[in-house]
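What the coordinates show
As a plain string of letters, each chain reads:
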Amino acid sequence: MDHFLYKNGTLHAEDVPLTDIAAQVGTPFYVYSAATLTRHYHLFTEALSPLPHMVCFAIKSLSNVAVLKLLGDLGAGMDVVSGGEYRRARAAGVPGDRIVFSGVGKTREEMRLALTGGIRQFNVESEPELRALSEVATSLGLTAPITIRVNPDVDAKTHAKIATGKSENKFGIPIARAREVYAEAASLPGIEVIGVDVHIGSQLTDLAPFEAAYLKVADLTRQLRADGHNIRRLDLGGGLGIPYTRSNEAPPLPMDYGALIKRTVGDLGCEIEIEPGRLISGNAGLLVSSVIYVKNGEGRDFLILDAAMNDLVRPSMYDAHHDIVPVIEPAAATEAAVYDVVGPVCETGDTFAKARPVAPMAEGDLVAFRSAGAYGAVMASEYNTRPLVPEVLVKGDHFAVIRQRPSFDEILNRDTIPEWL
Ligand code: LLP
């Protein structure tokens, strides 16, 4: 069920007209639907039941504390990749024993933060990290529960910048060397081996790479158990893709993904963790922007918006497609106009879409980018000294700003001029 629908000719987020939010907050802004976030989280818990499991939201996809509170209150765990994200999860009230710590470059300081604050497990990605964690844990008189992230050398068949499971990628330990590294882990003080972790990439639209990876994890689990390790938890990563267009895309559903998990690793008696980000947050959010100008160019018309690549970087960074729709529903017979949709940033790369059919637009009209909840606000920057976009959460007919647009004073006050200059 889509919670972003036209009602009485105006695009709504749940029961709130986007025009109301725009009038109060100004544009551009991100808006998220609580009902969609909730529904997507439950799709995964239903897909994994009755296996013992925890759905750990990959908060890198959308890390606003209000969103984390909403998901945390539903029982979600969190997958964090930095001390900053760990702090966000805790600020949202998520207990440490529901937080998993991923990432190739955890610092000793981040390890200390998580060990003292409470952690469900570290997903360790290298031998130097393993040794550092052992040192930090022993110095604190604590034990670090760990999985080791294995790199199964599987082609995720996704965009090269977000594929992580091939041997040439920086992630995990080559699966062929896993037994050796588990043996070292078991011998180190302050380390408790509890499971195996894998994550092969993002925006996967085919289940076959997951199947190949999970079968390898199942084999490894049996071997590790035979080697004497008490493997009781499997973290299977995130990565399930979402439809970015209304029409022709039909990526696998969480239910099919759950069935695949049961088929490949369900007989091992392990607790299953997954780390979905995009599927929970992606289609739960829009970026709403206004038209600054319609500019007639050479053989093309430019729709110049007040949102830019610094607000939503995915099109320029990954050539990603986002549907762009008018907030005021065009009359049924309206013929689309074709635009290059661009932002005001001084780079040609600041292009959201080329030759895109959209309803005819005029200055001041509002448009919405669909599927912008994941890797939208979190990847925004202040390039060109454009303030970070505010975020709004909608629940039924309520809405609230959950991150304010910073003032220019706040932005400028972060810079300091040294006395000696
Ligand atoms: N777990 C780990 C260890 C990850 O590295 C990621 C994503 C996830 C889980 C969540 O994956 P998801 O379910 O969201 O696909 N900025 C890019 C996507 C980067 C994904 C990085 N890792 C984009 O906008 O497409």
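All values derive from a computational prediction rather than experimental measurement.

Now for the site of the ligand. In the vicinity of the ligand lie 18 residues, with Ser202, Glu275, Arg278, Arg314 and Tyr375 positioned nearest. Here an oxygen atom of the ligand sits 2.8 Å away from a polar atom, N or O, in the main chain of Gly239. Within the side chain of Tyr375, a nitrogen or oxygen atom sits 2.6 Å from an oxygen atom of the ligand. Coverage of the ligand by the protein amounts to 92% of the 590 Å² it exposes when considered alone. Of all the cavities here, the one that holds the ligand is the largest pocket. Grouping the amino acids of the shell around the ligand by side-chain chemistry returns six nonpolar, six polar and six charged.

By size, the foremost hydrophobic cluster in this structure holds 99 residues, and its most contacted members are Phe122 and Ile146. Of all the elements, helix α8 (residues 208-226) adds the most residues to this core, at seven residues. For this core, the domains that each give at least three residues are domain 1 (4-31 + 282-412) and domain 2 (34-280). Beyond its immediate stretch of four places on either side in the chain, Phe122 contacts Phe101, Lys106, Met111, Ala114, Leu115, Leu133, Ala144, Pro145, Ile146 and Thr147. Within the second largest apolar cluster, 18 residues are counted, among which are Ala13, Ile21, Val392 and Val394.

Looking now at the domain arrangement of the chain. Segmenting the chain into domains produces domain 1 (4-31 + 282-412) and domain 2 (34-280). Put simply, the middle of domain 1 and the middle of domain 2, counted by C-alpha atoms, are 32 Å apart. Carbon and sulfur atoms supply 55% of the area buried between domain 1 and domain 2, which totals about 2000 Å² over both sides. Sorting the residues of domain 1 by area buried against domain 2 places Asn283, Tyr318 and Tyr375 first, and these three jointly supply 26% of that buried surface. Run the count over domain 1 and domain 2 and you get zero salt bridges. Taken together, domain 1 and domain 2 are joined by nine residue pairs in polar contact (both at pLDDT 80 or more). Those elements that place two or more of their residues in the side of domain 1 that touches domain 2 are α11 (314-318), β20 (391-395) and β21 (398-403). Here the side of domain 1 that touches domain 2 gets four residues from one element, more than from any other, and that element is β20. Here the side of domain 1 that touches domain 2 is built from residues that sort into nine nonpolar, seven polar and seven charged.

Turning our eyes to something else, we now look at the sheet that holds strand β1 (residues 6-7). With respect to topology, three strands assemble into an open sheet ordered β1-β2-β3, the strand pairing being antiparallel. Looking at the sheet topology across the chains shown, the edges are occupied by β1 and β3 (16-17). Sheet topology note: the β1/strand β2 (residues 10-13) ladder contains two bridges and is antiparallel. From the neighbouring strand, Tyr6 faces β2, where its bridge partner is Leu11.

Here we take up the packing of helix α2 (residues 34-48) against helix α3 (residues 65-73). Where α2 meets α3, the axes come as close as 10 Å, and the angle between the chain directions of the two elements is 45 degrees. Looking at the two axes, α2 sits oblique to α3. Judged by the sense of rotation from one axis to the other, the crossing of α2 with α3 is right-handed. Contact residues: Ala34, Leu37, Thr38 and Tyr41 in α2; Val67, Leu70 and Leu71 in α3. Classifying every residue of the contact of α2 with α3 gives six nonpolar, one polar and no charged.

For the largest pocket, the calculated volume is near 710 Å³. In terms of lining, the largest pocket is formed by 34 residues, of which the most central are Lys60, Thr164, Phe171, His199 and Tyr375. The dominant element in the lining of the largest pocket, judged by the number of residues it contributes, is α11, at three residues. Per-domain counts for the lining of the largest pocket show at least three residues from each of domain 1 (4-31 + 282-412) and domain 2 (34-280). The volume enclosed by the second largest pocket comes to roughly 470 Å³. Among the domains, domain 1 (4-31 + 282-412) and domain 2 (34-280) are the pair contributing at least three residues each to the lining of the second largest pocket.

With respect to the helices, strands and loops of the structure, Ser281 is situated in helix α10 (residues 278-281). A distance of 2.9 Å separates a polar atom in the side chain of Ser281 from a polar atom in the side chain of Ser61. In this structure Ser281 touches Leu37, Phe57, Ser61, Leu62, Gly373 and Ala374, once residues within four positions along its chain are discounted.

As a further point, take the pairing of β20. Most of β20 sits out of view: four of its five residues are buried. Both strand β4 (residues 29-33) and β20 contribute to a ladder of four bridges, which runs parallel. The residue of β20 that forms the bridge with Tyr32 is Leu393. Where β20 meets β21, five bridges bridge the pair, whose relative direction is antiparallel. Note that in β21 the partner of Leu393 across the bridge is Ala400. Here β20 hands over to β21 after two residues, with Gly396 in that stretch at a positive phi of 60 degrees.

What counts and what doesn't
Residues numbered from 1 in each chain as written. Predicted model: local features only at pLDDT ≥ 70, side-chain atom pairs only at ≥ 80, totals over all residues. Heavy atoms only, no water. Near = heavy atom within 4 Å. Polar contact = N/O pair within 3.5 Å; in protein donor to acceptor, adjacent residues only side chain to side chain. Areas by Shrake-Rupley, 256 points an atom, 1.4 Å probe, with all protein chains shown as cover. 1 Å grid on protein atoms, 1.4 Å probe; cavity = no way out; pocket = protein on both sides within 12 Å on 5 of 7 lines; lining within 4 Å. Sits in = over half its atoms within 2 Å of the grid points. Nonpolar A, V, L, I, M, F, W, Y, C, P; charged D, E, K, R; others polar. Core = buried A, V, L, I, M, F, W, Y, C linked by side-chain atoms within 4.5 Å. Buried < 20%, exposed > 50% of the residue type's maximum accessible area, 1.4 Å probe, protein only. Helix = DSSP H or I, 4+ residues; strand = E, 2+ residues; numbered from the N terminus. Domains from an automatic or database assignment. Contact = heavy atoms within 4.5 Å. Buried area = accessible area lost by both parts, 1.4 Å probe. Salt bridge = Lys/Arg side-chain N within 4 Å of Asp/Glu carboxyl O. Pairing = 2+ DSSP bridges. Axes fitted to C-alpha atoms, helices over the stretch in contact; angles between N-to-C directions. Parallel < 35°, antiparallel > 145°, perpendicular 65-115°, else oblique. Left-handed = near helix turned anticlockwise from the far one by under 90°. Points joined across faces, edges and corners; volume = space filled by probe spheres on them.

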